[in-house]
Amino acid sequence: MLTQVFETLESNVRSYSRSFPAVFRKAKGSLMYTDNGDAYIDFLMGAGALNYGHNNDFIKKQLLDYMTEDYIMQGLDLFTVAKSEFITTFNELLLKPRGLHYKFQFCGPTGTNAIEAALKLARNYTRRSNVISFMGGYHGLSQGSLALTSNEYNRKAAGVGLHNVTFLPFENNSGGFDSLAYFEMILEDGHSGIEKPAAVILETVQAEGGVNVASPQWLAKLKAICEKHGILFIADDIQIGCGRSGDFFSFERAGIVPDIVVLSKSLSGYGLPMSMLLFKPELDVWQPGEHNGTFRGYQLAFIGGKAALEFREQSGLEAAVKEKSAFINRFLHEEIATADERIRIRGLGMMWGIDLSGFEDTLLAKKIAQDCFKKQLIVECVGREDRVIKLLPPLTVEQDILEKALGIVHDTLRQHLGAQVSVQATLA
Ligand code: PMP
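Residues numbered from 1 in each chain as written. Predicted model: local features only at pLDDT ≥ 70, side-chain atom pairs only at ≥ 80, totals over all residues. Heavy atoms only, no water.

Labelled according to an unreviewed UniProt entry, the chain appears under the name Diaminobutyrate--2-oxoglutarate transaminase, originating from Chitinophaga solisilvae. Its UniProt record, at the heading Pathway (unreviewed entry), says of the chain: "Amine and polyamine biosynthesis; ectoine biosynthesis; L-ectoine from L-aspartate 4-semialdehyde: step 1/3." (UniProt positions renumbered as here; feature names shortened; annotations may be inferred.)

What follows is the structure, given as structure tokens:
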């Protein structure tokens, strides 16, 4: 199928289709198929919305059964059986075993809408307006969330000033700058000139920002500072949550309990739009309807979300992710990083970055990703100047597909570096 209809009639704002200009028709598991039937390995995975793979059979069955019975599809925020079952399952399978006590707030279906809700809640609860965000952070592109997103290119499109946010350098991207010491200094010095914030918001692993992984120690220290000063800690788990870090919540590895958790993307399990806040019950200062929205009750998303949690339990997904993560980690360090000392590898769970910013060629990562696409592997570039290749396989990725994809990255990278291609026996 030709791409002309998109190129002539769809707005210039389209983005992913520029890097991956094929027309897709079908998808299953880790693969997407074009209109011509060509199979692509998808390591973009709906930018993190498809942790359980495309058209996961276990989840699909429950969605189809639900639709066959003509159960309610759109329910605003009415009480429904589907919502009740989702809340109960989430509470029983995830919150209770972790000793977490949270209230649920269902938001408009995109991540950015839940971020807007989190901001409003934190500001109304604390009666403060400033919020701390981190350089390299991505929290969405609506006005409030865009103010938290550091990327200059995105910010320029706002058309208005983006205020009430103070940025700090993130842990591993600050050239040794101790941003937590600076944060404490700001809070304690009456001459810092920076308003005491309502909240701190962060991704514990910055995804779009270049796969920057905060250490558990740093996260725990940040949380302790927040507690000491009565500042809310908001974990944006939209991309790194829902099992991608290895645990269901990305902050578990730091042993901290955020005041507010933001979830979306893979929450519905099937790529269906859904977003949600979890927050400590004492924060619930909302008046009825203050953060209203028509699409806060997409019932299929509740059904998919519940099925995804059951699938996670029944398929032993968490253990499988830890195994695959160790495999990727080893491969990237032993087979990729060894190609050149300027290559840096970062990641956790099933989100990995190959950082090529140490090379003179600013387009190297992009060229490699483009060549991977020619070999039918979809990988995205992220970070400053898009110089980090991000690998985002589904958590359910089959071992042979994982090895094939890593082999493509390996060969393409080595070809670009002009080095000898020496594919491991494991990839033969
Ligand atoms: N936060 C994070 C961490 C994200 O990765 C994204 C999307 N890339 C968002 C917020 C915004 O979500 P959405 O695109 O659904 O508005």
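Here the narrative resumes, following the displayed structure.
Novice: Honestly, helix 11 (residues 299-314) in this entry has me stumped. Any pointers?
Specialist: With 16 residues, helix 11 should reach 22 Å at 1.5 Å per residue; the first-to-last C-alpha distance of 23 Å fits that figure. Most of helix 11 is tucked away: 14 of the 16 residues are buried. Downstream of helix 11 by one or two residues, glycine 316 has phi in the positive range, about 60°. (Helix = DSSP H or I, 4+ residues; strand = E, 2+ residues; numbered from the N terminus. Expected span 1.5 Å × (residues − 1). Buried < 20%, exposed > 50% of the residue type's maximum accessible area, 1.4 Å probe, protein only.)

Novice: What should I look at first to understand helix 5 (residues 81-95) in this one?
Specialist: Residue pairs spaced three or four apart in an α-helix point in one direction, given the helix's 3.6 residues per turn. The end-to-end C-alpha separation of helix 5 is 20 Å, in line with the 21 Å expected for 15 residues at 1.5 Å each. Three or more residues of helix 5 are buried, namely Ala82, Lys83, Phe86, Thr89, Phe90, Leu94 and Leu95. Looking down the long axis of helix 5, one finds its buried residues gathered within 160° of arc, a one-sided arrangement. Against the buried residues of helix 5 lie helix 4 (57-68), strand 4 (103-106), strand 11 (260-263), strand 12 (276-279) and helix 11. (Arc of directions from axis to C-beta. Contact = heavy atoms within 4.5 Å.)

Novice: Sorry, what's going on with the nonpolar core here?
Specialist: Phe90, Phe249, Leu263, Leu278, Leu332, Ile354 and Leu356 are the most contacted members of the largest nonpolar core, which has 92 residues in total. Among the elements that line this core, the one with the most residues is helix 11, at eight residues. The residue makeup of this core includes at least three contributed by each of domain 1 (4-56 + 317-427) and domain 2 (71-315). With 26 residues, the next largest nonpolar core counts Ala117, Ala118, Leu121 and Ile238 among its residues. (Core = buried A, V, L, I, M, F, W, Y, C linked by side-chain atoms within 4.5 Å. Domains from an automatic or database assignment.)

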